[in-house]
Amino acid sequence: KAGVTQTPRYLIKTRGQQVTLSCSPISGHRSVSWYQQTPGQGLQFLFEYFSETQRNKGNFPGRFSGRQFSNSRSEMNVSTLELGDSALYLCASSLEAAFNTGELFFGEGSRLTVL
Amino acid sequence: AQSVTQLDSHVSVSEGTPVLLRCNYSSSYSPSLFWYVQHPNKGLQLLLKYTSAATLVKGINGFEAEFKKSETSFHLTKPSAHMSDAAEYFCVVSDRLLRGTSYGKLTFGQGTILTVHP
């Protein structure tokens, strides 16, 4: 069974630009969660989507948004990029809502560098 | 409100010696607890989970953790470290936000970097 696939793996943007990251969950998984990982702040929860609905949201500004499609694939978008948005963005999928199982399957991440 | 505290940001051991990574938590209700591992440039992988069954939980790669409610701890141990264990480890708590509801959240600790010396 294929794992969680995130694209692109690496990207470089400049301040003010916007970026879209994609996540394909494991087949049959309905929940997709997004996390931001930085050396200073560690792992921070962005949002969770379950059956195309945002189920939970972390404490991030409105520049961070996401969506989930009917095939459970998910995208997240960051608009008006800032230097502090440089991070590893991790996507995780699970069969049920993440809170219910706690068993998340993570992709290898998209490393975003903002110059 | 729930929270997780990993008591050591870095732990260094020699190959073949025991590993102890400490985690304390706070939770309003009955939490589930997990340990995840992240190798360099990789995503996180579930090591083990506690969900109110046996308090001593065995995971992959020889790791185990013991849930101690009285101490609100869930420390991760391994009898003998291997070079391949060098990674970052995350303690995670899952709990309901409101009793009787299906809304909850996962909270990750800040991580412990394990270094294994030859």
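This section reports on the structure supplied with the text. (Residues numbered from 1 in each chain as written. Chains lettered and ligands numbered in written order. Predicted model: local features only at pLDDT ≥ 70, side-chain atom pairs only at ≥ 80, totals over all residues. Heavy atoms only, no water.)

## Some thoughts on the overall build of chain B
Where we set the bar: A run of DSSP states H or I qualifies as a helix once it reaches four residues; a run of E qualifies as a strand once it reaches two. Both are numbered from the N-terminal end. Atoms considered for the radius of gyration are the C-alpha atoms alone. The globule rule reads 2.2 Å times the number of residues to the power 0.38. Accessibility here uses a 1.4 Å probe with only protein chains present; expressed as a share of the type maximum, an area under 20% marks a residue as buried, one over 50% as exposed, and anything in between as partly exposed. Should any heavy atoms of two residues lie within 4.5 Å, those residues are considered in contact. All accessibility values rest on the Shrake-Rupley procedure with a 1.4 Å probe; residue burial counts only the protein chains present in the view. Note on charges: Lys and Arg go in the positive column, Asp and Glu in the negative column, and His and the chain ends are not counted at all. In this description, the location of a charge corresponds to atom NZ of lysine, CZ of arginine, CG of aspartate or CD of glutamate.
Helix and strand counts for chain B come out as zero helices and 12 strands. For chain B, whose C-alpha radius of gyration is 14 Å, the value lies close to the compact-globule estimate of 13 Å for 118 residues. Considering chain B as a whole, with its 118 residues, one finds that 42% of them fall into the buried category. Looking at chain B alone, contacts between residues at least 24 apart form 57% of all its contacts between residues at least 6 apart. Put simply, chain B shows about 5,900 Å² of open surface, and 52% of that area lies on carbon and sulfur atoms. Looking at charge distribution, chain B has the averaged site of its 10 positive side-chain charges lying 9 Å from that of its 8 negative ones.

## Points about the pattern of salt bridges
Just so we agree on the cut-off: The term salt bridge refers to a pairing of a side-chain nitrogen on Lys or Arg with a carboxyl oxygen on Asp or Glu at a separation within 4 Å.
Tallied over the full model, the rule gives 10 salt bridges over all chains. With a closest N to O distance of 3.3 Å, A:Glu75 and A:Arg67 form a salt bridge. You can call A:Glu75 buried: its relative accessible area is 16%. Between B:Lys49 and A:Glu103 there is a salt bridge; the shortest N-O distance is 2.2 Å. Taken as a pair, B:Lys49 in strand 6 (residues 44-50) and A:Glu103 in the loop between helix 1 (98-101) and strand 10 (105-106) lie in two separate chains rather than in one. With relative accessibility at 26%, the residue A:Glu103 sits in the partly exposed group.

## Examining the state of the cysteines
Residue and element names in this part refer to chain A. Put simply, the rule is: The criterion for a disulfide is a pair of cysteine sulfur atoms lying within 2.5 Å.
Tallying each qualifying case throughout the model produces two disulfides over all chains. Across the disulfide, Cys-23 is cross-linked to Cys-91 (sulfur-sulfur distance 1.7 Å). Given an S-S torsion of about -55°, the disulfide between Cys-23 and Cys-91 has left-handed geometry. Residue Cys-23 is found in strand 3 (residues 19-24), and its partner Cys-91 is found in strand 9 (residues 87-94); the two are separated by 68 residues along the sequence. Accessibility classification places Cys-23 together with Cys-91 in one group, the buried group.

## Some words on the sheet that holds strand 1 (residues 5-7) of chain A
Residue and element names in this part refer to chain A. To be explicit about the condition: Should DSSP find at least two bridges between two strands, the strands are regarded as paired. Simply put, an axis is a line fit to the C-alpha atoms, just over the touching stretch for a helix, and the angle between two N-to-C directions goes from 0 to 180 degrees.
With antiparallel pairing, four strands are arranged side by side in an open sheet as 1-3-8-7. Strand pairing shows two members of the sheet lacking a second neighbour, strand 1 and strand 7 (64-68), which therefore form its edges. Mean inter-strand twist for the sheet, computed between neighbouring axes without regard to direction, equals 15°.

## Focus on the pairing of strand 6 (residues 53-57) of chain A
Residues and elements named next belong to chain A. In the sheet, strand 5 (residues 42-50) pairs with strand 6 via four bridges, with the strands oriented antiparallel. Among the inter-strand pairings, Glu-48 is bridged to a residue of strand 6, identified as Asn-56. Adjacent in sequence and paired antiparallel, strand 5 and strand 6 are bridged by two residues, among which Ser-51 carries a positive phi angle near 50°.

## A word on the interface of chain B and chain A
Filter applied, for reference: Note on definitions: buried area is the accessible-area loss of two parts on being combined, 1.4 Å probe, summed for both. The definition of a polar contact used here is a pair of N or O atoms within 3.5 Å, where within protein one atom must be able to donate a hydrogen and the other to accept one, and adjacent residues in sequence count solely through side-chain atom pairs. All amino acids are sorted into three groups, where Ala, Val, Leu, Ile, Met, Phe, Trp, Tyr, Cys and Pro are nonpolar, Asp, Glu, Lys and Arg are charged, and the leftover types, Gly among them, are polar.
Between chain B and chain A, the residue contacts involve 21 residues of the former and 21 residues of the latter. With both sides pooled, the region where chain B packs onto chain A buries about 1,700 Å², and carbon together with sulfur makes up 52% of that total. On the chain B side of the contact with chain A, B:Leu44, B:Leu106 and B:Phe108 bury the most area, a combined 27% of that side's loss. In this assembly, chain B and chain A are joined by two salt bridges. The partner of B:Lys42 in a salt bridge is A:Glu108, with the nearest N and O atoms 3.0 Å apart. Seen at the junction of chain B and chain A, the total is four residue pairs in polar contact (both at pLDDT 80 or more). For the side of chain B that touches chain A, the elements supplying multiple residues, two or more each, are strand 5 (32-38), strand 6, strand 10 (87-96) and strand 11 (104-108) of chain B. Sort the elements by how many residues they give to the side of chain B that touches chain A and strand 10 of chain B lands first, with five residues. Residues that form the side of chain B that touches chain A fall into these classes: eight nonpolar, seven polar and six charged.

## Side note on the nonpolar core
What counts is decided by this rule: The set of buried Ala, Val, Leu, Ile, Met, Phe, Trp, Tyr and Cys residues whose side-chain atoms join them within 4.5 Å is what this entry labels a nonpolar core.
Ranked by size, the top nonpolar core spans 26 residues in total, and within it B:Trp35, B:Leu48, B:Phe74, B:Leu76 and B:Tyr89 carry the most contacts. In terms of residues, this core owes the most to one element, strand 10 of chain B, which gives four residues. When neighbours within four sequence positions are excluded, B:Leu76 is seen to be in contact with B:Val19, B:Leu20, B:Leu21, B:Trp35, B:Leu47, B:Leu48, B:Phe63, B:Glu64, B:Ala65 and B:Tyr89. Grouped together as the second largest cluster of nonpolar side chains are 21 residues, A:Val4, A:Ile26, A:Val32 and A:Trp34 included.

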